[in-house]
Every structure is written in C-alpha cells, then in structure tokens.
Amino acid sequence: MITAVDVIRTKRDGGELSTDQIDWVIDGYTRGEVADEQMSALAMAIFLNGASPREIADWTAAMIRSGLTLDLSGVGRPCVDKHSTGGVGDKITLPLAPLVAVFGVAVPQLSGRGLGHTGGTLDKLESIPGFDVNLDEAGIVAQLKEVGAVVCAATGDLAPADRKLYALRDTTSTVESIPLIASSIMSKKIAEGADAIVLDVKVGSGAFMKDFDRAKELAETMVRLGGAHGVDTRALLTDMSVPLGRTAGNALEVRESLEVLAGGGPSDVVELTVALAREMLDAAGRPGLDPAAALADGRAMDSWRKMIAAQGGDVDAPLPTARHTEEITAETGGFVVDMDAYAVGVAAWRLGAGRTRQGQSVQAGAGVEILKAVGERVEVGEPVLRLHTDTPERIEAAKETLRGRWSVGAEPVERGPIVLDRLG
Ligand code: URA
C-alpha cells in the first residue's frame, strides 16, 4: 500500500520514486486526498534532491493524465505552440502568433497571467477594450480554423494537477527546480494537443534560470519530455539579462507589439519574433519561409486584426494610458551600459502592472518605458526611464527598486546576441 508519508520519506532520503508512487501521489493530490502540506513537503524534497529523467517523465505523464487533452485534429492545419519560461518585457506571443498564422500554420496559445515580476500575456491582451480570453475547446478549434491564431486562458480541465501544484509552489519557495518547472510546463503544453512545441528558455537576471548551464539543462529536459510524448519539441535559449524591447507593462507592451506588427519596433523584439517564427514554421514542415517580410508588408498586422476581432477586441480603440508619469534622468552623460531586467520587472509590478495575489486586478496603463536602452548615448539630465502608474504613491517604491540597477559609462557597449543557443 502506498502512503503519502512513505512517498515523502523516499524522496527526502534521496531515493527514487516508482511509477506507481508518482501516479498515486499526483492522482491523490488532484482529488484532494493528498493534503497541501504533504505535497509541499514532497515538492521541497524534489527541489532539494532533484529527480531522475525517469521520475520526471512519469511525473509529467501523471500530470497530463490528471485532466483532459485538447483535440485539435479538426483544425485541418499543422498546430504549433510556443512557450516562454517568462521574462521582463516578453511580449513576443503578441506579434508571433498572428505572424505564424499568416503562413497557414495554426497557433494555439493558451497563456497565463502575470505573477511576481514577469508579466502575463492575458493581462496584456485584456488592455485591449472588449478582448475576451475565455474560450472553450469548440471556440478554440473554430478560431484556429478561421483565423489560425488564438491567445486565450487555459481551460480549467487541462493538467489540473499542475494548476494546484503551481499555486502551492509559488507560496512554498519551490518554483526554481528543473524537474518541477519542466514537468509543469510540458504537462500543460502536451495536454494542449499541438503537433510541435517551440520553447523560448530565458537566461539571465530577469529569468527563473539565471545562468546558462541551468537554463540549458532545463531546455534539454523539456525537449526530451516532448520527444517522449511524440511531440516535435525544440528550444531556443535567449538572453534575459536586460529587458526585451523598451517596455514592461500591459498596454505599453501591446503598443510596442503593434509597432513590430507595423514593420518597426525595437530590433531585439523583431529579431526574437522572427527567430521563433522560423523555428515554428520549420517544425510545421514549412522551412525556408521569410517571416520578416510578413511583418514588413502588413500581412502580420492583418492577421493580428482578425485575431483580436475574433475574440471581441476593438482593434481601433485607443489603448489605456496611466494617469501619472514620471521620468528618471541621467546624472552623468555617456552610454547606457547596463539595465537590470529583474529590477525593471519588479518596478513595473510595483507601479501596478502586476499582482501580489492571484485574482487581484492589474492596471492596464502601468509600467516602465525605457527611453535609453543599453548601448545608447545619453546626456546629463536626459530622461532614461519613464514610469507610468494610476497610483502615484507607488512611484517612490519603483524608483527605489531601480536605484543602482542601471548605469552609464564612458564607453559604448554592444548588446550581445538574443539567441544564445538552440536545441532539438
Ligand atoms: N511556468 C510554468 O508554467 N511552470 C513553472 O513551473 C515555471 C514557469
């Protein structure tokens, strides 16, 4: 007979859990028979002692089986999903999903909300008046057939074990564990039923994985899990030491995505959008296409307008703006040499772009705008950052977060490449 106490003890003492033990504990936890405190202890034991590739595979399979799997067979086009491990200013899903759809590939993006310093795609899209993130399976399939791209909330019956476990990990300091992150992400992605998955694994101060070797191990683990479930899975390791683009915050990021869809926008956002689009098209069996051309000639923008309108959004409505802004200026002249992604993410969150508890509402207009990015020249007294919020009493805390976290030097620095490595 399996008991929760035995399962916890095995892992606490550095042992390996059997397939039966893993199936039992995930099933029991989903049904409420394994208590939160028992799962917390087990998650901490896994956090501290790790898990073998076989245990991670079994854990992932059990979490997939905890709920339903989407059936996308009726879509009639190859379905490719993208997932980012989360970063600051990471708005890539917004231009990417409609861009890939231009080429006849369906992109089901079941996304989340922001928690902590990383923003959530659903919060960003909800700053568009009328946009509805709640679709059921039939709605998702219909929109993929008609438009080719959908960005919506994961339906409650996909990997419910992960939903419970993720909330528990968030409150027990057990998030940053490779076995737990890999199984969490891949159980949801595999349950979404896509033919292929392209992972954007972030590395650097604004990411869960701060160093390259750990990020690579996470990417390898996820690519292996996808392959074991017959899903073509690839990963790009990408830089998250400085924020992506020039904005962090919901409506601010939508505005920047619109610039990219109109053929402009910051070069790092464009570069990463195009790199991920190429990888997704290749995974869909359509190699050698030129996604950059579809950004330049308006096809991606047309596709975006169709996607937003299909989900009730008013594509022509002005985006919300914050009631107060304040600029932070340079005390010395020179070149911006550093801009810490984590600090910018926390500042945006403190200004009201993010939440401290599940279920809280966010300010659509709040966030941080980077007026001078790394490598750019700045004169004494010129603004470097602009803070946006509806609640000016939050500005001091945001400024405090950013103090000493960006710097100006005498010599220009070149920002390194965005894509650091590729796997799969
Ligand atoms: N994103 C997830 O979905 N799960 C994790 O564990 C971490 C990031």
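Worth saying up front: this structure is predicted, and the values here are computed from it rather than measured.

(A) Spotlight on the site of the ligand. Taken together, Y166, R169, I181, S184, I185, K188 and F208 form the complete shell of residues around the ligand. The contact in question runs from an oxygen atom of the ligand to an N or O atom on the side chain of R169, over 2.9 Å. Between the ligand and S184, the relevant distance is 2.7 Å, taken from a nitrogen atom to a side-chain nitrogen or oxygen of the residue. Considering the ligand on its own, with 240 Å² of exposed area, one finds that the protein chains cover 92% of that surface. Of all elements in the fold, only helix 8 (160-170) and helix 9 (178-191) reach the threshold of two or more residues within the shell around the ligand.

(B) Focus on the pattern of salt bridges. The full count for this structure, using the stated rule, is 37 salt bridges. As a salt-bridge pair, K216 and D421 come within 3.0 Å of each other at their nearest N and O atoms. A residue pair is termed long-range when its members are at least 10 positions apart, and K216 in helix 10 (residues 212-228) and D421 in strand 13 (residues 419-423) qualify at 205 residues. Owing to a relative accessible area of 22%, D421 belongs among the partly exposed residues under this scheme. Note that R234 is salt-bridged to D282, the shortest N-O span being 2.8 Å.

(C) Spatial organisation of the nonpolar core. Core analysis: the largest hydrophobic core is formed by 70 residues, its most contacted members being W304 and L385. With eight residues, helix 12 (residues 267-283) is the single largest residue contributor to this core. If we skip the residues at most four places from it in the chain, W304 touches L94, P98, L125, I128, V254, L258 and L261. By size, the runner-up hydrophobic cluster in this structure holds 23 residues, among which are I64, I178, I190 and I197.

(D) Quick peek at the pairing of strand 11 (residues 383-389). In terms of burial, strand 11 is largely enclosed, as five of its seven residues are buried. As judged from the six bridges shared by strand 7 (residues 324-329) and strand 11, these two strands associate in the antiparallel manner. In the strand pairing of strand 11, T329 is matched with P383. The pairing of strand 9 (residues 367-370) with strand 11 spans four bridges and is classified as antiparallel. Counterpart to E369 in the pairing with strand 11 is R386.

(E) The arrangement of the sheet that holds strand 11 in detail. With antiparallel pairing, the four strands of this open sheet are ordered in space as 6-9-11-7. The sheet is open, and its two borders are formed by strand 6 (247-248) and strand 7, each paired with just one other strand. Strands in contact with helix 15 (residues 341-353) are strand 6, strand 9 and strand 11; relative to strand 9, the strand with the most contacts, it is inclined by about 135 degrees.

(F) Region of the structure containing the packing of helix 5 (residues 93-101) against helix 12. At their nearest, the axes of helix 5 and helix 12 sit 10 Å apart, and the two run at 40 degrees to each other. Between helix 5 and helix 12, the crossing angle belongs to the class labelled oblique. For helix 5 against helix 12, the interelement crossing comes out right-handed. Here P95, L96, L99 and V100 of helix 5 come into contact with helix 12, specifically with T273, L276, A277, M280 and L281. Looking at the contact of helix 5 with helix 12 residue by residue, the classes come out as eight nonpolar, one polar and no charged.

(G) Spotlight on unusual backbone geometry. Backbone geometry places A159, a non-glycine residue, at a positive phi of 40 degrees. Counting through the fold element by element, A159 comes out in the loop between strand 3 (149-153) and helix 8. For S173, which is not a glycine, the phi torsion comes out positive at approximately 55 degrees. Of note, S173 is situated in the loop between helix 8 and helix 9.

(H) Representation of the packing of aromatic side chains in the model. With the rule as written, the count across this model stands at zero aromatic pairs. For K188, the ring lying beneath its charged end belongs to Y166, and the centroid distance is 5.5 Å.

(I) Layout of the state of the cysteines. Counting across every chain of the model gives zero disulfides. For C79, which is in no disulfide, the shortest distance to another cysteine sulfur is to C152 and amounts to 13 Å.

(J) Representation of a negative patch on the surface in the model. Residues D71, D136, E137 and D157 make up a contiguous surface patch of negative charge. Within the element layout of this structure, D71 appears in the loop between helix 4 (53-65) and strand 1 (80-84). For D71, a relative accessible area of 47% translates into the label partly exposed.

(K) Main features of the domain arrangement of the protein chain. Assigned domains of the protein chain: these are domain 1 (4-50), domain 2 (80-310) and domain 3 (324-409). Of note, the centres of domain 1 and domain 2, computed from C-alpha atoms alone, are 30 Å apart. With twelve residues of domain 1 at the contact, the number on the domain 2 side is twelve residues. Between domain 1 and domain 2, a total of about 1,000 Å² is buried, with carbon and sulfur atoms accounting for 77% of that surface. Looking at the side of domain 1 facing domain 2, the largest losses of area belong to Y29, T30 and F47, adding up to 46% of the total buried there.

(L) Main features of the sheet that holds strand 5 (residues 232-239). Pairing within the open sheet is mixed, and its four strands lie in the order 1-4-5-13. Every other strand in the sheet has two partners, leaving strand 1 and strand 13 as the edge strands with one partner each. Averaged over all neighbouring strand pairs, the angle between strand axes comes to 15 degrees, with direction disregarded. As judged from the eight bridges shared by strand 4 (residues 196-203) and strand 5, these two strands associate in the parallel manner. By the bridge assignment, V203 is partnered in strand 5 with D239. Against the sheet, helix 9 contacts strand 1, strand 4 and strand 5, and its axis sits at roughly 155 degrees relative to strand 4. Packing against the sheet, helix 10 makes contact with strand 4, strand 5 and strand 13, and its axis sits at approximately 165 degrees to strand 5.

Rules of the game
- Residues numbered from 1 in each chain as written.
- Predicted model: local features only at pLDDT ≥ 70, side-chain atom pairs only at ≥ 80, totals over all residues.
- Heavy atoms only, no water.
- Near = heavy atom within 4 Å.
- Polar contact = N/O pair within 3.5 Å; in protein donor to acceptor, adjacent residues only side chain to side chain.
- Areas by Shrake-Rupley, 256 points an atom, 1.4 Å probe, with all protein chains shown as cover.
- Helix = DSSP H or I, 4+ residues; strand = E, 2+ residues; numbered from the N terminus.
- Salt bridge = Lys/Arg side-chain N within 4 Å of Asp/Glu carboxyl O.
- Buried < 20%, exposed > 50% of the residue type's maximum accessible area, 1.4 Å probe, protein only.
- Core = buried A, V, L, I, M, F, W, Y, C linked by side-chain atoms within 4.5 Å.
- Contact = heavy atoms within 4.5 Å.
- Pairing = 2+ DSSP bridges.
- Axes fitted to C-alpha atoms, helices over the stretch in contact; angles between N-to-C directions.
- Parallel < 35°, antiparallel > 145°, perpendicular 65-115°, else oblique.
- Left-handed = near helix turned anticlockwise from the far one by under 90°.
- Nonpolar A, V, L, I, M, F, W, Y, C, P; charged D, E, K, R; others polar.
- Phe/Tyr/Trp six-rings, centres within 6.5 Å; stacked < 30°, edge-to-face > 60°.
- Lys NZ or Arg CZ within 6 Å of the ring centre and 35° of its normal.
- Disulfide = S-S within 2.5 Å.
- Patch = residues over 30% accessible without salt bridge, like charges linked within 9 Å, V, L, I, M, F, W, Y side chains within 5 Å.
- Lys, Arg positive; Asp, Glu negative; His and termini not counted.
- Charge placed at Lys NZ, Arg CZ, Asp CG, Glu CD.
- Domains from an automatic or database assignment.
- Buried area = accessible area lost by both parts, 1.4 Å probe.

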